[in-house]
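# Descriptive structure summary
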Amino acid sequence: MSEDLFLKIISREIPADIIYENNDVLAFRDINPQAPLHVLIIPKLRVRTINDMQTQHAELFGKLFLAAREIALEQGVAEDGYRVVMNCNEGGGQTVFHVHLHLLGGRQFGWPPG
Ligand code: AMP
């Protein structure tokens with residue numbers, strides 16, 4: 001068994017509401033949604049935090065954003081707008097140490113985020 005919760009979702013060891021997948025990326029609904037639409041977009045390759053990102057990961061991280069664009073269109077929030085967030089380490093609010101892009105939509109977001 002992997003110690004990485006999101007690797008277990010990728011391998012289907014634990015269930016998730018998966019809404020998007022390609023060779024490099026998986027996306028599923030957050031178990032504790034903070035907006036009507038709250039999707040986590042993850043690389044299938046494990047990178048723990050943004051601090052661990054290497055030059056060779058640049059294209060992969062770009063693919064997370066391409067997936068966000070596609071999912072936002074599919075889920076009907078692209079026109080109104082949405083937010084994407086990637087937390088880094090405890091101080092940034094990261095709790096699962098496999099990088100993930102939060103895609104949040106379906107409500108109004110303020111700034112600063114608090
Ligand atoms: P972060 O705090 O940025 O690391 O985000 C981790 C996110 O993963 C949180 O929003 C959690 O609600 C979510 N999460 C944790 N476990 C699961 C799970 N089994 N399925 C879906 N989302 C999860």
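The structure contained in this document is the topic of the report that follows.

Reading the values: rules and limits
Residues numbered from 1 in each chain as written. Predicted model: local features only at pLDDT ≥ 70, side-chain atom pairs only at ≥ 80, totals over all residues. Heavy atoms only, no water. Patch = residues over 30% accessible without salt bridge, like charges linked within 9 Å, V, L, I, M, F, W, Y side chains within 5 Å. Areas by Shrake-Rupley, 256 points an atom, 1.4 Å probe, with all protein chains shown as cover. Salt bridge = Lys/Arg side-chain N within 4 Å of Asp/Glu carboxyl O. Helix = DSSP H or I, 4+ residues; strand = E, 2+ residues; numbered from the N terminus. Buried < 20%, exposed > 50% of the residue type's maximum accessible area, 1.4 Å probe, protein only. Contact = heavy atoms within 4.5 Å. Expected span 1.5 Å × (residues − 1). Arc of directions from axis to C-beta.

## Side note on a nonpolar patch on the surface
- A cluster of nonpolar side chains, F65, Y82 and V84, forms an exposed patch at the surface whose accessible area comes to about 260 Å².
- Here V84 shows up in strand 4 (residues 82-85).
- Assessed through its relative accessible area of 31%, V84 is described here as partly exposed.

## Quick look at the environment of G105
- Tracing the backbone shows G105 in strand 5 (residues 101-105).
- Assessed through its relative accessible area of 0%, G105 is described here as buried.
- Linking G105 and G76, residues 29 residues apart in sequence, is a C-alpha distance of 9.1 Å.
- Look past the residues within four positions of G105 in its chain and what remains in contact with it is A35, P36, L37, V77 and Y82.

## Notes on helix 2 (residues 58-75)
- Here helix 2 is 18 residues long and its end C-alpha atoms lie 26 Å apart, about the 26 Å a rise of 1.5 Å per residue gives.
- Listed in full, the buried residues belonging to helix 2 are L60, F61, L64, A67, A68, I71 and A72. The arc that holds the buried residues of helix 2, viewed along the axis, is 135°, so those residues lie on one side. Turned more than 90 degrees off the buried face of helix 2, the exposed positions are E59 and L73.
- Residue G76 follows helix 2 closely and has a positive phi angle near 80°.

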